Amino acid sequence: GLAWGDEDDNSFLTRLRFNNLFYVSLYDHMYTRGYVETMVDSDNIGMCDCVEEMPVVSRADCTQVDATQTFQVVYEGNGNFAAVRMGGMNIDFNACEGINPSNGNRK
């Protein structure tokens, strides 16, 4: 699975959510792990369905995007400031850091 939070529309996590979808579905699961065959013994179970119609899940993973961008704030005069990017953006796909259901704390 994949997840993103309730960040504002301009946050890295929101803007890169579809990169996460591509990474999980096509690169990590299909290309890297080879999950392209049927995973259950029934042709009646599709990849997408209503939750109440899907089989019980015994284990699930989650992937989130962690992104960093270095920038420098420059004073341009007349009270104006500008943010200047320094180098490229670093994007990592990591296991989700969710809530531990046994104690309610972050893992």
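Structure shown above.
(A) Just the overall build of the protein chain, in detail. Within the protein chain, the secondary structure is distributed over 2 helices and 4 strands. Its helices and strands taken in sequence order, the protein chain reads α-α-β-β-β-β from the N to the C terminus. The long-range share in the protein chain, meaning contacts at least 24 apart out of those at least 6 apart in sequence, stands at 47%. For the protein chain, the exposed area adds up to about 9,100 Å²; of that, 51% sits on carbon and sulfur atoms.

(B) Layout of unusual backbone geometry. One non-glycine residue, Asn 78, adopts positive backbone phi at about 55°. When you line up the elements, Asn 78 lands in the loop between β2 (71-77) and β3 (80-85).

(C) The arrangement of a nonpolar patch on the surface in detail. Taken together, the side chains of Phe 22, Leu 26, Tyr 27, Met 30 and Tyr 31 define a hydrophobic patch exposed on the protein surface, amounting to about 560 Å² of accessible area. Mapped onto the elements, Tyr 27 comes out in helix α2 (residues 17-32). Owing to a relative accessible area of 38%, Tyr 27 belongs among the partly exposed residues under this scheme.

(D) Fine view of the side chain of Gln 69. Turning to its location among the elements, Gln 69 is positioned in the loop between β1 (63-68) and β2. Taking the relative accessible area as the measure of exposure, Gln 69 reaches 15% and is therefore buried. Of note is the side chain of Gln 69, whose polar atom sits 3.2 Å from the backbone oxygen of Gly 87. Apart from the residues lying within four places of it in its own chain, the contact partners of Gln 69 are Phe 12, Arg 85, Met 86, Gly 87, Gly 88 and Met 89.

(E) Geometry of α2. In this model, α2 (16 residues) spans only 20 Å end to end at C-alpha, well below the 22 Å of a helix rising 1.5 Å per residue. Maximal helix bending in α2 amounts to about 40°, located at Tyr 23. Structurally, α2 contributes buried residues whose contacts are with β1 and β4 (90-95).

(F) Focus on the pairing of β2. Sheet topology places β2 next to β3; 6 bridges connect them, and they run antiparallel. Note that in β3 the partner of Val 74 across the bridge is Ala 82. The loop that links β2 with its antiparallel partner β3 comprises 2 residues; one of these, Asn 78, has a positive phi angle of about 55°.

(G) A look at the packing of aromatic side chains. Under the definition given, this model contains 3 aromatic pairs. On the numbers, 5.7 Å between centres and 35° between planes, the contact of Tyr 23 with Tyr 27 is tilted. One end of the pair, Tyr 23, and the other, Tyr 27, are both in helix α2, 4 residues apart, so they sit about a helical turn from each other. With 4.2 Å between their ring centres and 5° between their planes, Tyr 23 and Phe 93 make a pair best called stacked. Here the residue Tyr 23 occupies a position in helix α2, and Phe 93 occupies one in strand β4, the gap between them amounting to 70 residues.

About the cut-offs
- Residues numbered from 1 in each chain as written.
- Predicted model: local features only at pLDDT ≥ 70, side-chain atom pairs only at ≥ 80, totals over all residues.
- Heavy atoms only, no water.
- Helix = DSSP H or I, 4+ residues; strand = E, 2+ residues; numbered from the N terminus.
- Contact = heavy atoms within 4.5 Å.
- Areas by Shrake-Rupley, 256 points an atom, 1.4 Å probe, with all protein chains shown as cover.
- Patch = residues over 30% accessible without salt bridge, like charges linked within 9 Å, V, L, I, M, F, W, Y side chains within 5 Å.
- Salt bridge = Lys/Arg side-chain N within 4 Å of Asp/Glu carboxyl O.
- Buried < 20%, exposed > 50% of the residue type's maximum accessible area, 1.4 Å probe, protein only.
- Polar contact = N/O pair within 3.5 Å; in protein donor to acceptor, adjacent residues only side chain to side chain.
- Expected span 1.5 Å × (residues − 1).
- Bend = angle between axes of the 7 residues up to and from the residue.
- Pairing = 2+ DSSP bridges.
- Phe/Tyr/Trp six-rings, centres within 6.5 Å; stacked < 30°, edge-to-face > 60°.

So far we have only geometry, and geometry alone does not tell us how the molecule works.
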